[in-house]
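Coordinates in review
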Amino acid sequence: MRGSRMNPGDRRTRSTMSIVIVMSLCCFFYILGAWQKSGTGRGDSIALRVTKETDCTILPNLHFETHHSLGGVNPLVMTDKVFEPCHIRYSDYTPCQDQNRAMTFPRENMNYRERHCPAETEKLRCLIPAPKGYVTPFPWPKSRDCVPYANAPYKNLTVEKAVQNWVQFEGDVFRFPGGGTMFPNGANAYIDELASVIPFTDGTIRTALDTGCGVASWGAYLMDRNVLTMSFAPRDSHEAQVQFALERGVPAVIGVLGTIKLPYPSGSFDMAHCSRCLISWKSNDAMYMFEVDRVLRPGGYWILSGPPINWKSNHQAWKRSQEDLEAEQNVIEKIAEMLCWDKIHEKGDTVIWRKKADSNECHNKDGRPSKMCKIQDADDVWYKKMEGCITPFPEEAQLRKFPERLFAAPPRILQGRTPGVTEEIFEEDNKLWKKYVSTYKRINKLIGSSRYRNIMDMNAGLGSFAAIIDSPISWVVNVVPTISEKNTLGIIYERGLIGIYHDWCEAFSTYPRTYDLIHANGLFSLYQNKCNMEDILLEMDRILRPEGAVILRDNVEVLNKVRRTVMGMRWKSKLLDHEDGPHIPEKILIHTGTFSE
């Protein structure tokens, strides 16, 4: 133990060394500090620059809106690209239904009238201009009857359909008397006849499909009966018919029964309609009737007016032989029986069939199982080939009548047919969107007024935005992107709302300037790394009316990227905080357009 003790001499030596080390360090740091203060040291120049740049003086041009944006422009996000207007010849450009491109595709089965979108190198990356003299459309319901000529300056229909009461040109407006080829006395009188068989008044019939809709007068007048109609017609020689429908304030898209399935889920519609729609129902083993059956709800109605019905009286006017027309009607009758449709009405040129409510039980009889489709998902329809077979439809819970069905849990949720969506999630979604729509109405006082008639929700989810907005003076087309994690469009239809599948990497099937208000929740986050955000924004600009409004809800980082692009599109955008405060990363971007843009 004695050998481990330190002697007094050692302790004095260590103490002396410690004093020398401390004094040396003090001298070193004194000299270093003097050198830095002289300005010759690099460390000092950096420190001085940082000190200057972090001065605590509040600059006069700072404005503490969300992320320090000023007057709708974020000074930290500068656009590096300005989008110029396209040539005026593109004022009615529909990218995926371009006439010149269409003529390069086969005419067989209307293939050339289907969607054929431009290649990446062919896309127009400019702003679609409005025609000269474009004005704000008339508010509903005046818009149903009158459309400014300048907004759709095409007179062909006034000549081709002059005797059929479709449309008339008077002064500087088009007038729509409500007539149609098969209802010269007006759509209302025609619907009254249908109402003698179909229960329009008790909320049973809410959603309808009009194939080959013309200017959509049938759908326009059904709105008086609280029925929402998805109308479609091809972009063909009757130019602007779908454009007229949308200018009137009636839901419509460019579309055709061709070779691919309609962009709607199975069992969507309470009623389907063809009034001289010139669809060859017997073609391809009646494949188009099978497709109508797919989208028709059990218990739903199919109305056929015009050829070949009442062929004995009309064959000469239609310039077709009695034998051909009789054969066509016989095929239709035979296929309707196979589909388990009951003929419940035939008078004059109109026949009404009703799909059996227990159609699955019917299909299991008389060898019909051999005609059933062998498919995994009847709602997987985007660019899928149409089939000449019967689509099975699960036996569903009782569907409520409208308007009760708007907020009642839909059968697809109650039966667990939409994975990841429960009744509790549905209820919470409704509560959330009540809060969000209340915010939107505070931001934009025109929401809920007659100013916004045509509304689009680009990423509709469960359709709660549209359900809260629901009003007799507006309608919402609910778009469910094809890349969505959950396919919710069937739920949306069961709520008594309308919608469509779409992939936003492509252009929408509509004319320019057809929507007054566009809403999108989480759309750009969904499409990150899927396609060019610039293309989606240019498409929004194409289909938005010049004085229309946009509401985007998304992550702040994503919305700042959006603002970088829309500045070059001359949008007047503003970024606002989430309802629950500035610390929530989700924000709201708003834009309201003007004619002066």
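Analysis parameters
By convention here, each chain's residues receive numbers from 1 onward along its written sequence. At least 70 in pLDDT is required for a residue's local features to be given in this predicted model, at least 80 for side-chain atom pairs to be given and counted, and no such filter applies to totals for whole chains, interfaces and linings, which use all residues. With hydrogens and water stripped out, all remaining heavy atoms of the structure feed into the side-chain values. Secondary structure elements are defined from DSSP: runs of H or I of at least 4 residues count as helices, runs of E of at least 2 residues count as strands, and each element is numbered from the N terminus. Exposed residues in this analysis have more than 50% of their type's maximum accessible area, buried residues have under 20%, and partly exposed residues fall in between, with area computed by a 1.4 Å probe over protein chains only. Polar contact is the term for a pair of N or O atoms within 3.5 Å; when the atoms are in protein, one must be able to donate a hydrogen and the other to accept it, and sequence-neighboring residues count only if both atoms are side-chain atoms. Here, residues are in contact when the closest pair of their heavy atoms is within 4.5 Å. Here the rule is simple: two strands pair whenever DSSP picks up at least two bridges between them. The axes are straight lines fitted to the C-alpha atoms, using for helices just the contacting stretch, and the angles between their N-to-C directions are given from 0 to 180°. Only centres within 6.5 Å qualify two rings of Phe, Tyr or Trp (six-membered ring in Trp) as a pair; their planes then separate them into stacked at under 30 degrees, edge-to-face at over 60, and tilted for everything else. Any Lys NZ or Arg CZ found within 6 Å of a ring centre and within 35 degrees of that ring's normal is scored as a charge over the ring. Angular relationships are summarised with four words: roughly parallel below 35 degrees, roughly antiparallel beyond 145, roughly perpendicular across 65 to 115, and oblique for the angles in between. It is the rotation of the near helix from the far one that decides the hand of a crossing: anticlockwise by less than a right angle makes it left-handed, clockwise makes it right-handed. Amino acids outside the nonpolar list (Ala, Val, Leu, Ile, Met, Phe, Trp, Tyr, Cys, Pro) and the charged list (Asp, Glu, Lys, Arg) are all regarded as polar, and Gly is one of them. Any carboxyl oxygen of Asp or Glu that lies within 4 Å of a side-chain nitrogen of Lys or Arg is treated as forming a salt bridge with it.

Excluding glycine, most residues fall at negative phi; most peptide bonds, likewise, are trans. The peptide bond linking W140 to P141 adopts the cis configuration, its omega dihedral lying at 10°. Tracing the backbone through its elements, the reader meets P141 in the loop between α3 (99-102) and α4 (142-145). In this model, F402 is joined to P403 through a cis peptide bond whose omega is 15°. Note on placement: P403 falls in the loop between α12 (359-363) and α13 (411-414). For R276, which is not glycine, the phi dihedral falls at a positive 45°.

As a further point, take the side chain of D270. Structurally, D270 can be placed in strand β7 (residues 269-275). Residue classification places D270 among the buried residues on the basis of a relative accessible area of 4%. A distance of 3.5 Å separates a polar atom in the side chain of D270 from a polar atom in the side chain of R405. Those residues in contact with D270 that sit more than four places away from it in its chain are T204, I205, R206, T207, L296, R297, G300, Y301 and R405.

Ordered in space as β13-β12-β11-β14-β15-β17-β16, the seven strands form an open sheet in which the pairing is mixed. Edge positions in the open sheet fall to β13 (498-502) and β16 (573-576), since each of these has one partner strand only. Across this sheet, the average inter-strand angle for adjacent strands is 20°, counted without regard to direction. Two strands pair when backbone bridges link them, and strand β15 (residues 544-555) and strand β17 (residues 586-592) are joined in this way by seven bridges, in the antiparallel orientation. Looking at the pairing, L552 lines up with L589 of β17. Each of β15, β16 and β17 is contacted by helix α19 (residues 556-566), which is oriented at about 150° to β15, the strand it contacts most.

With that out of the way, let us pick up the packing of aromatic side chains. The geometry of an aromatic ring pair is captured by two quantities: the separation of the ring centres and the angle between the planes. Here the structure, examined in full by the defined rule, presents 18 aromatic pairs. When the ring of Y264 is compared with that of F269, the centres are 5.4 Å apart and the planes differ by 85°; the resulting orientation is edge-to-face. Each member of the pair, Y264 together with F269, is buried. Clustering of aromatic rings is evident, with ring pairs tying together Y149, F169, F174, F176 and F244. Geometry around F138 places K142 over its ring, the cationic atom sitting 4.3 Å from the centre.

Take the environment of F183 next. By secondary structure assignment, the location of F183 is in the loop between β3 (173-175) and α6 (187-195). Considered as a pair, F183 and W218 are 35 residues apart in the sequence and their alpha carbons are 9.4 Å apart.

On to the pairing of strand β9 (residues 341-347). Sheet topology note: the β9/strand β10 (residues 350-355) ladder contains six bridges and is antiparallel. Bridged to E346 within β10 is V351. Linking β9 back to β10 in an antiparallel pair, the connection comprises two residues, with G348 at a positive phi of about 60°.

Below, the discussion takes up the sheet that holds β10. Across the sheet, seven strands lie side by side as β6-β5-β4-β7-β8-β10-β9; this open sheet has mixed pairing. On the outer flanks of this sheet lie β6 (252-254) and β9, each paired with one strand and no other. Going from strand to strand, the sheet's axes swing by 20° on average, the running direction of each strand aside. Across the face of the sheet, helix α9 (residues 283-295) comes into contact with β4 (207-211), β7, β8 (296-305), β9 and β10 while running at roughly 135° to β8. Seen against the sheet, helix α11 (residues 322-338) touches β8, β9 and β10 and runs at an angle of roughly 140° to β9.

Attention now goes to the packing of α9 against α11. Between α9 and α11, whose axes approach to 10 Å, the crossing angle comes to 50°. As far as their axial angle goes, α11 and α9 are oblique. Judged by the sense of rotation from one axis to the other, the crossing of α9 with α11 is right-handed. For the pair α9 and α11, contact is made by A286, M289 and F290 and by I332, I335, A336 and M338, respectively. Residues that form the contact of α9 with α11 fall into these classes: seven nonpolar, no polar and no charged.

A word on the environment of V556. Mapped onto the elements of the fold, V556 is located in helix α19. A relative accessible area of 9% places V556 in the buried class.

Counting across every chain of the model gives 40 salt bridges. Linking E534 and K81 is a salt bridge whose minimum nitrogen-to-oxygen distance equals 3.2 Å. Within this pair, whereas E534 is found in helix α18 (residues 533-543), its partner K81 is found in the loop between α2 (42-53) and α3, the two being separated by 453 residues in sequence. When the shortest N-O distance is used, the salt bridge between D324 and K282 registers 3.2 Å. Of this pair, D324 sits in helix α11 while K282 sits in the loop between β7 and α9; the two residues are 42 residues apart in sequence, bridging distant segments of the chain. Since its relative accessible area comes to 28%, D324 is described here as partly exposed.

For the rest of this paragraph, the subject is the packing of α18 against α19. For the pair α18 and α19, interaxial distance at closest approach is 10 Å and the crossing angle is 60°. Where α18 crosses over α19, the two elements pack in a sense that is right-handed. Two secondary-structure elements touch here, α18 through M533, E534 and L537 and α19 through K561, V562, T565 and V566. Its residues assigned to classes, the contact of α18 with α19 comprises four nonpolar, one polar and two charged.

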